[in-house]
Amino acid sequence: MSTSTGFDIRRIGGRIGAEIVGADLSADLDPAIVAEINAALLEHKALVFRGQRLDDAGQLRFAALFGELTAAHPTVPSVDGQPNVLPVDGDEGIRANRWHTDVTFVRTPPKASTLRAIVVPPYGGNTLIANSAAAYRDLPGPLRELADSLWAVHTNAYDYAAPRTEKAAQHRKQFVSRTYRTAHPLVRVHPETGERGLFIGGFAQTVEGLGPSESRDLLRIFQSYVTRPENIVRVAWTPGDLVLFDNRSTQHYAPDDYGDLPRLLHRVTVAGDVPVGIDGTSSRALEGGDDTSHYTPAVA
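An unreviewed UniProt entry lists the protein under the name Taurine dioxygenase, from Streptomyces angustmyceticus. Looking at the protein in UniProt, the text filed under Sequence similarities (unreviewed entry) is "Belongs to the TfdA dioxygenase family." Regarding the protein, the UniProt comment filed under Cofactor (unreviewed entry) reads as follows: "Fe(2+)".

Visitor: Could you clarify how one ought to interpret the side chain of Ser132 in this entry?
Guide: Along the polypeptide, Ser132 turns up in helix α3 (residues 132-138). At 2.9 Å, the side chain of Ser132 and the backbone oxygen of Ser249 are in polar contact. Look past the residues within four positions of Ser132 in its chain and what remains in contact with it is Gly197, Leu198, Ser249 and Thr250.

Visitor: I keep staring at the environment of Thr206 and nothing clicks. Help me out?
Guide: Within the element layout of this structure, Thr206 appears in strand β11 (residues 204-207). Classification of Thr206 as partly exposed rests on a relative accessible area of 29%. The sequence separation of Thr206 and Ala23 amounts to 183 residues, and the corresponding C-alpha distance is 42 Å. Apart from the residues within four sequence positions on either side, Thr206 is in contact with Trp151, Ala152, Val153, Ser215 and Leu219.

Visitor: What should I look at first to understand the packing of helix α4 (residues 141-148) against helix α6 (residues 212-226) in this one?
Guide: For any two helices packed against each other, the geometry comes down to the angle between their axes and how far apart the axes lie. Here α4 crosses α6 at 115°, and the two axes come no closer than 12 Å. Crossing of α4 against α6: the hand is left-handed. Residues Leu143, Leu146 and Ala147 of α4 form the contact with α6, whose participating residues are Leu218, Ile221, Phe222 and Tyr225. Of the residues belonging to the contact of α4 with α6, the class tally is 7 nonpolar, no polar and no charged.

Visitor: Just to check I follow, could you spell out the pattern of salt bridges for this structure?
Guide: A side chain of one charge can pair with a side chain of the opposite charge if their charged atoms are brought near each other. Summed over all chains, the structure comprises 16 salt bridges. For Lys45, the salt bridge identified is with Glu195, shortest N-O distance 2.4 Å. In this pair, Lys45 is assigned in the loop between α1 (31-44) and β3 (46-49) and Glu195 in the loop between β9 (187-189) and β10 (196-198), connecting sequence segments 150 residues apart. Overall, the relative accessible area of 3% leaves Lys45 in the buried class. Here Asp102 makes a salt bridge to Arg267, at a shortest N to O gap of 3.2 Å. Placement of the pair is Asp102 in the loop between β4 (86-89) and β5 (112-119) and Arg267 in strand β15 (residues 264-270), with a sequence separation of 165 residues. Here the two residues Asp102 and Arg267 agree in accessibility, since each one is buried. Each of Arg15, Asp138 and Arg228 takes part in a single network of salt bridges with overlapping partners.

Quick notes on the rules
Residues numbered from 1 in each chain as written. Predicted model: local features only at pLDDT ≥ 70, side-chain atom pairs only at ≥ 80, totals over all residues. Heavy atoms only, no water. UniProt positions renumbered as here; feature names shortened; annotations may be inferred. Helix = DSSP H or I, 4+ residues; strand = E, 2+ residues; numbered from the N terminus. Polar contact = N/O pair within 3.5 Å; in protein donor to acceptor, adjacent residues only side chain to side chain. Contact = heavy atoms within 4.5 Å. Buried < 20%, exposed > 50% of the residue type's maximum accessible area, 1.4 Å probe, protein only. Axes fitted to C-alpha atoms, helices over the stretch in contact; angles between N-to-C directions. Left-handed = near helix turned anticlockwise from the far one by under 90°. Nonpolar A, V, L, I, M, F, W, Y, C, P; charged D, E, K, R; others polar. Salt bridge = Lys/Arg side-chain N within 4 Å of Asp/Glu carboxyl O.

Below is the structure:
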């Protein structure tokens with residue numbers, strides 16, 4: 001599909017994902033172009049921009065077109081000298097091979113995430129992105145009614161798999177250096193589109209009012225709808241590619257299938273608002289403090 005501002009939007013998945021062709025992200029983008037990119041993001045959830053060859057400054061400039069930026073991470077150090085840039089470095093033990101939505105353990109998770117490929121392996125190292133709004137629509141009526149009534153507790157401190165290397169162990173220690181626990185509605189209403197989506201993923205560990213066993217069983221059922229193959233797009237990286245995805249209606253996963261080969265992406269995230277459930281109730285911080293101003297500005 002061609003847009004009024006001159007670039008093409010090419011769908012790459014039946015339910016999620018589009019490639020934006022003909023947009024130069026290193027240029028000063030006209031507000032009309034930004035508006036069309038944002039509209040495409042809301043529709044397709046994940047946008048791929050091939051061969052952009054941006055540096056950190058260019059990635060920061062592009063991400064900031066969609067709102068204020070967060071710091072790199074609430075607990076993990078940023079790229080040296082770049083407080084808003086998180087290195088996603090497979091060599092450092094940062095292998096996100098678990099379905100998740102970015103930083104849902106705080107009360108105001110990011111609105112959107114940008115990932116930029118710097119070093120990619122010759123095989124493997126893809127990123128999978130899933131449409132959690134489509135997953136909600138797939139739920140049978142009784143499960144949907146149940147999901148509408150539930151709240152999940154998200155935390156950064158839970159039983160990960162044992163770290164494979166000393167670097168991975170150090171990263172794990174840093175990741176949980178401050179514990180966060182936040183209650184979010186299991187079904188989030190998207191603040192721009194009004195769509196309902198399952199707001200769960202790897203940081204959702206328990207369901208309020210239920211024990212650990214029942215929580216695991218229920219979350220596993222709902223998560224299985226998110227990760228149905230028809231709800232997923234797979235991004236195969238080449239250096240210079242940039243992906244923008246809506247963190248409010250997606251989950252993502254990076255398969256650990258490239259052995260000891262190097263893989264380095266840089267992540268920049270856009271600050272988000274407080275999730276709201278279908279009854280209008282907002283998320284609430286349980287541990288780690290309601291003030292996360294060291295990480296993210298408040299978004300009205």
